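# Architecture at a glance
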Amino acid sequence: MTIDEIKKQLGWAGLQYIRPFTIVGVGTGSTVSHFMDALATSKHQIKGAISSSEMSSIKLKSLDIPLFNLNDVSSVDIYIDSADEINSQMQMIKGGGGALTREKIIAAVAKKFICIVDSSKKVEILGTFPLPIEVIPMARSWVTKEMLRLGGIPEYRKGITTDNGNIILDVKNLRISNPIELEETINNIPGVVTVGLFARRSADIALIGSQYGIQTVIKKT
């Protein structure tokens, strides 16, 4: 079974959590693209979707799934997204696709957050994947210096502007033993819009796919 076939299975597995007459938060990326294809088969049963990126919005529109503005809804019932890394506490690194800020907003609002990932994304300690940080352009040099001070090696993601008009720094050389603490520290650096650590708002359920099937992991309370 190829990685894309596993991602397709994960996308369709996410559909089981969608309830009629609800608003669905939709993430970004190749795995989520398969979920959107699956969601299109039930589009007449849901109210519509909230999108985390312009790219996802384009696909949702092409599938004739109604789009809502987050400011115009009272709540989001469920959010389906993927991750670049996820640990056993359901904490994640996200933002490889550049949509980390909107993803974090929807995750915060959603009543339930379901992460769909292939097994290669499961790690014991976060940090092998470079940690994305969305930064206001004028603060790039300052935030770079602050990340060096924290032991990271930041790299400017050239040629990329986020949907919010900002830039992204990808920080390598981090072994993130305390994700919540590091998330708060980086978010408090002036000029940082948000960091791609989803530690305080972790996933509620993870669907982890491999050639052997899909494992369902539920966050311990």
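Each remark here, short or long, concerns the structure printed above.
Residues numbered from 1 in each chain as written. Predicted model: local features only at pLDDT ≥ 70, side-chain atom pairs only at ≥ 80, totals over all residues. Heavy atoms only, no water.

### A word on the overall build of the protein
Looking only at helices and strands, one finds six helices and 13 strands in the protein. In terms of C-alpha radius of gyration, the protein reaches 17 Å, essentially the compact-globule figure of 17 Å for 221 residues. Reported as C-alpha extents along the three principal axes, the dimensions of the protein are approximately 50 × 40 × 35 Å. The buried share among the 221 residues of the protein stands at 53%. Sequence separation of 24 or more characterises 72% of the internal contacts of the protein that already satisfy a separation of 6 or more. Carbon and sulfur atoms provide 52% of the accessible area of the protein, an area that totals close to 10,700 Å². Seen as two clouds, the 25 positive and the 22 negative side-chain charges of the protein have centres 2 Å apart. (Helix = DSSP H or I, 4+ residues; strand = E, 2+ residues; numbered from the N terminus. Rg over C-alpha atoms; globule rule 2.2 N^0.38 Å. Buried < 20%, exposed > 50% of the residue type's maximum accessible area, 1.4 Å probe, protein only. Contact = heavy atoms within 4.5 Å. Areas by Shrake-Rupley, 256 points an atom, 1.4 Å probe, with all protein chains shown as cover. Lys, Arg positive; Asp, Glu negative; His and termini not counted. Charge placed at Lys NZ, Arg CZ, Asp CG, Glu CD.)

### Describing empty space enclosed by the protein
All chains considered together, the criterion is met by one cavity of 30 Å³ or more. Within this model, the largest cavity holds a volume of roughly 30 Å³. Lining the largest cavity, in full, are S52, G98, A99, T101, R102, E134, T162, D163 and N164. In the lining of the largest cavity, the residues fall into one nonpolar, five polar and three charged. (1 Å grid on protein atoms, 1.4 Å probe; cavity = no way out; pocket = protein on both sides within 12 Å on 5 of 7 lines; lining within 4 Å. Points joined across faces, edges and corners; volume = space filled by probe spheres on them. Nonpolar A, V, L, I, M, F, W, Y, C, P; charged D, E, K, R; others polar.)

### Quick word on helix 1 (residues 3-14)
Over its 12 residues, helix 1 runs 17 Å from end to end, which matches the ideal 16 Å to within 8%, given 1.5 Å per residue. Considered for burial, the residues of helix 1 that qualify are I6, K7, L10, G11, A13 and G14. Viewed along the axis of helix 1, the buried residues span an arc of 160 degrees, placing them on a single side of the element. Close packing links the buried residues of helix 1 with helix 2 (30-40), strand 3 (76-81), strand 6 (110-118), strand 12 (205-210) and strand 13 (213-218). (Expected span 1.5 Å × (residues − 1). Arc of directions from axis to C-beta.)

### Let's talk about the pattern of salt bridges
Applying the stated criterion to the full structure yields 13 salt bridges. Measuring nitrogen to oxygen at the nearest pair gives 3.6 Å for the salt bridge that ties K111 to D77. Note that K111 is positioned in strand 6 and D77 in strand 3, a separation of 34 residues in sequence. Assessed through its relative accessible area of 56%, K111 is described here as exposed. (Salt bridge = Lys/Arg side-chain N within 4 Å of Asp/Glu carboxyl O.)

### Things to note about the layout of surface pockets
Its volume calculated, the largest pocket comes out at about 290 Å³. Surrounding the largest pocket, 14 residues form its lining, I50, S51, F68, L70 and R102 being those nearest its centre. Of all the secondary-structure elements, those providing two or more residues to the lining of the largest pocket are strand 2 (48-51), helix 3 (54-62) and helix 4 (100-109). Looking at the lining of the largest pocket residue by residue, the classes come out as six nonpolar, five polar and three charged.

### Considering the packing of helix 2 against helix 3
At a closest axis distance of 10 Å, the pairing of helix 2 and helix 3 adopts a crossing angle of 25 degrees. By the criterion of interaxial angle, the relationship of helix 2 to helix 3 is roughly parallel. Here helix 2 and helix 3 pass one another in a crossing that is right-handed. Across the interface between the two elements, S33, M36 and D37 of helix 2 pack against S56, K59 and L60 of helix 3. Considered class by class, the residues forming the contact of helix 2 with helix 3 number two nonpolar, two polar and two charged. (Axes fitted to C-alpha atoms, helices over the stretch in contact; angles between N-to-C directions. Parallel < 35°, antiparallel > 145°, perpendicular 65-115°, else oblique. Left-handed = near helix turned anticlockwise from the far one by under 90°.)

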